[in-house]
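These are the residues of each chain, in order.
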2 protein chains.
Amino acid sequence: MLGSIEAGGTKFVCAVSDLALNIVDKVTIDTQTPDITLKQVLQFFAKHSIKSMGIGCFGPIDINPHSNTYGYITATPKAGWQHFNFVKTIQDHIDVPIAFNTDVNVAAYGEFKLGAAKQTNNSIYLTIGTGIGGGVIIDKKIITGRHHPEMGHIFIKRAVGDDFVGNCPFHHDCLEGLASGPAIEKRWNTKPVHIDDNHQAWQFESYYLAQAIVNYTLTFAPDIIILGGGIMHKPHLLSKIKSTCLTLLNGYFPIDDIEHYLSLPKLGDNAGIMGGLLLAKDLLHK
Amino acid sequence: MLGSIEAGGTKFVCAVSDLALNIVDKVTIDTQTPDITLKQVLQFFAKHSIKSMGIGCFGPIDINPHSNTYGYITATPKAGWQHFNFVKTIQDHIDVPIAFNTDVNVAAYGEFKLGAAKQTNNSIYLTIGTGIGGGVIIDKKIITGRHHPEMGHIFIKRAVGDDFVGNCPFHHDCLEGLASGPAIEKRWNTKPVHIDDNHQAWQFESYYLAQAIVNYTLTFAPDIIILGGGIMHKPHLLSKIKSTCLTLLNGYFPIDDIEHYLSLPKLGDNAGIMGGLLLAKDLLHK
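Everything quoted here is computed from the prediction, not taken from an experiment.

### Comments concerning the relation of the copies chain B and chain A
Next up, step 1: Once chain B is rotated about the relating axis by 180° and shifted along it by 0.0 Å, it coincides with chain A to within an RMSD of 0.0 Å. Put plainly, the chains are arranged around a two-fold axis.

Set out below in structure tokens:
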């Protein structure tokens, strides 16, 4: 059996599958303090005999295996979770190999192996929701340099007419500060889900997301970019992003397959859990 | 013997080395039409018996070995060089394996193997001059997705007080349109080399380059970023970029080695030629 945890800021999803990745048990647990939440996580896995586990966790986390704080959640603003040794807490109770990575990296891996990026070598998975983040697959592997990427915090240029100051506590008007769900809500004083399709909000949103996609395209030149997260549920947003992207690139970089190049996730909400199971399975072959 | 060509918009540098990479002959040739220039290139190599060759070429070029136009210079504005089949022209006269890549990718490889990025896994080489470009090494390999990166054309935000429209013919005020040598010259009506160290020009320049470095940092999380090209010869620019970079990151991403993290090239003007020889040598082991 394989184990998988998708550790999010509001909920933890835990799953167990057989070696063919058929899920045999699954639970969703509210994210409270580490004590309360991990107790329930461990109770769930105690019912099963797993051989390895994959964890996709909200960040920032330490994924450098040579670091003293490998396996920790680090400087998160989330109360109680700062400097929590996630991997050791699990391993103290379940002594199996664990793959530990960011939620977006693990979801990127799920989409690469089983979803929209299947049969590509290089792909990017973005999530646009409460925050903006991304995971990158290069040459069929998750890239992790000195730290995991924080792709949502890049700088881009302002839309004409947008005087919203931005709500990123670190960078004000970086991409996340201008285009995350809370940024949209703060700028227009309405939840994104209630904003009409023809509202200027979506012009701004597609302009910012298209710029980010252009920047990632010009630097990584991936085969596909997958756009996940709650904001992407908005009808028409994806097609607005596609056309703005081509306008901004202005023929400079060859994207002749924009319909496929920018895709929604194929695994939907399961990208993270499936990515965790896949990483767990990879560990058995190491 | 190994061969190397650094094919630039104003000059071609050709070199031959022994297998230990000691250069035994070298020539610099003006870039004129392909006919005139390649004739001289071939005359130079006719004097030597080389086993393989590495070429770093100005772009855009086609480096996809599965493409029908692999080995071509593609949509360059440079008169006479559009759709020139570079690799075949060489191979028709010198029948050896050829590695063909962009000038910046090859220079990035040189700096990775022998220069400032030695003993790292992930590095970026940028050149800031007539244009702005970059090459990326991930996991000790040059990354090349669907196309070579065009990192100089990313979008960034405006400096307060800068109303220069930008001079990129494709994107107006992308990074290259705001921060290349010709952009500086057009904005201030003076060649960059004549602009005083305390001039506002260098505030703008360091702000734009620091934003680009922040964006590359947040997406690639490399071990080192190397800053080459003519504009970086300006004294004090590197230290301005470093401090602006830290200010913009605002503690969000761990860079505790900024002095080393942002470095000038160690191979100086030889990064391209040495990178070409290294790629030629790699071909012998394939």
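Right, picking up where we left off after that structure.
### Considering the confidence of the model for chain A
Next up, step 1: On average, residues of chain A score 96 in pLDDT, and 100% of them are at 70 or above.
Next up, step 2: Note on the complex model: pTM 0.96, ipTM 0.95.

### Describing the domain arrangement of chain A
Residues and elements named next belong to chain A.
Next up, step 1: As far as domains go, chain A holds domain 1 (2-103 + 269-283) and domain 2 (116-264).
Next up, step 2: Between the C-alpha centres of domain 1 and domain 2 the distance comes to 27 Å.
Next up, step 3: Taken together, the contact pairs six residues of domain 1 with five residues of domain 2.
Next up, step 4: For the interface between domain 1 and domain 2, the tally reads zero salt bridges.
Next up, step 5: At the junction of domain 1 and domain 2, the tally comes to one residue pair in polar contact (both at pLDDT 80 or more).
Next up, step 6: The residue makeup of the side of domain 1 that touches domain 2, split by class, is four nonpolar, two polar and no charged.

### Overview of empty space enclosed by the protein
Leftover empty space is mapped by rolling, across the atoms, a probe with the size of a water molecule.
Next up, step 1: In the structure shown here, the tally under the stated rule is two cavities of 30 Å³ or more.
Next up, step 2: Put simply, the largest cavity is a space of about 50 Å³.
Next up, step 3: Residues belonging to the lining of the largest cavity are distributed by class as follows: 10 nonpolar, no polar and no charged.
Next up, step 4: When its volume is computed, the second largest cavity comes out at roughly 40 Å³.

### A short note on the pattern of salt bridges
Next up, step 1: Per the counting criterion, the structure on display carries 22 salt bridges over all chains.
Next up, step 2: Across the pair K88(B) and D92(B) runs a salt bridge, and its minimum N-O distance is 3.1 Å.
Next up, step 3: By relative accessible area, which is 45% here, K88(B) ends up partly exposed.
Next up, step 4: D92(B) gets classed as exposed once you look at its relative accessible area, which sits at 52%.
Next up, step 5: Here the salt bridges share partners, and the residues they tie into one network are K157(A), R158(B), D162(B), D173(B) and R187(B).

### Notes on the packing of aromatic side chains
Next up, step 1: Evaluated as defined, the whole model comprises 26 aromatic pairs over all chains.
Next up, step 2: Members of the aromatic cluster, connected to one another through ring pairs, are F12(A), F58(A), Y70(A), W81(A), F84(A), F86(A) and F100(A).

### Details of the interface of chain B and chain A
Next up, step 1: Contacts between the two partners involve 41 residues from chain B, matched on the other side by 41 residues from chain A.
Next up, step 2: Looking at the side of chain B facing chain A, the largest losses of area belong to R146(B), F155(B) and Y252(B), adding up to 24% of the total buried there.
Next up, step 3: Here chain B is connected to chain A by six salt bridges.
Next up, step 4: In this structure, K141(B) engages D139(A) in a salt bridge whose closest nitrogen and oxygen atoms are separated by 2.7 Å.
Next up, step 5: The interface formed by chain B and chain A contains 24 residue pairs in polar contact (both at pLDDT 80 or more).
Next up, step 6: The set of elements that each furnish at least two residues to the side of chain B that touches chain A consists of α6 (200-220) and α7 (237-249) of chain B.
Next up, step 7: Considering every element that reaches the side of chain B that touches chain A, the biggest residue donor is α6(B), with seven residues.
Next up, step 8: In terms of residue class, the side of chain B that touches chain A is built from 22 nonpolar, 11 polar and eight charged.

### Considerations on the sheet that holds strand β4 (residues 52-57) of chain B
All names here are of chain B.
Next up, step 1: Taking strand neighbours across the sheet as the criterion, the five strands line up as β3-β2-β1-β4-β7 in an open arrangement whose pairing is mixed. A strand with exactly one partner marks an edge of an open sheet, and here the two such strands are β3 (23-30) and β7 (98-102). Looking at each pair of strands side by side, their axes are set apart by 10° on average, direction ignored.
Next up, step 2: Relative to β7, helix α3 (residues 103-114) is tilted by about 105°, and along the sheet it contacts β4 and β7.
Next up, step 3: Its contacts with the sheet put helix α9 (residues 271-284) on β1 (2-7), β2 (11-17), β3, β4 and β7, and the angle it makes with β1 is roughly 140°.

Rules and cut-offs
- Residues numbered from 1 in each chain as written.
- Chains lettered and ligands numbered in written order.
- Predicted model: local features only at pLDDT ≥ 70, side-chain atom pairs only at ≥ 80, totals over all residues.
- Heavy atoms only, no water.
- Least-squares fit on C-alpha atoms with pLDDT ≥ 70 in both.
- pLDDT = per-residue confidence, 0-100.
- Domains from an automatic or database assignment.
- Contact = heavy atoms within 4.5 Å.
- Salt bridge = Lys/Arg side-chain N within 4 Å of Asp/Glu carboxyl O.
- Polar contact = N/O pair within 3.5 Å; in protein donor to acceptor, adjacent residues only side chain to side chain.
- Nonpolar A, V, L, I, M, F, W, Y, C, P; charged D, E, K, R; others polar.
- 1 Å grid on protein atoms, 1.4 Å probe; cavity = no way out; pocket = protein on both sides within 12 Å on 5 of 7 lines; lining within 4 Å.
- Points joined across faces, edges and corners; volume = space filled by probe spheres on them.
- Buried < 20%, exposed > 50% of the residue type's maximum accessible area, 1.4 Å probe, protein only.
- Phe/Tyr/Trp six-rings, centres within 6.5 Å; stacked < 30°, edge-to-face > 60°.
- Buried area = accessible area lost by both parts, 1.4 Å probe.
- Helix = DSSP H or I, 4+ residues; strand = E, 2+ residues; numbered from the N terminus.
- Pairing = 2+ DSSP bridges.
- Axes fitted to C-alpha atoms, helices over the stretch in contact; angles between N-to-C directions.

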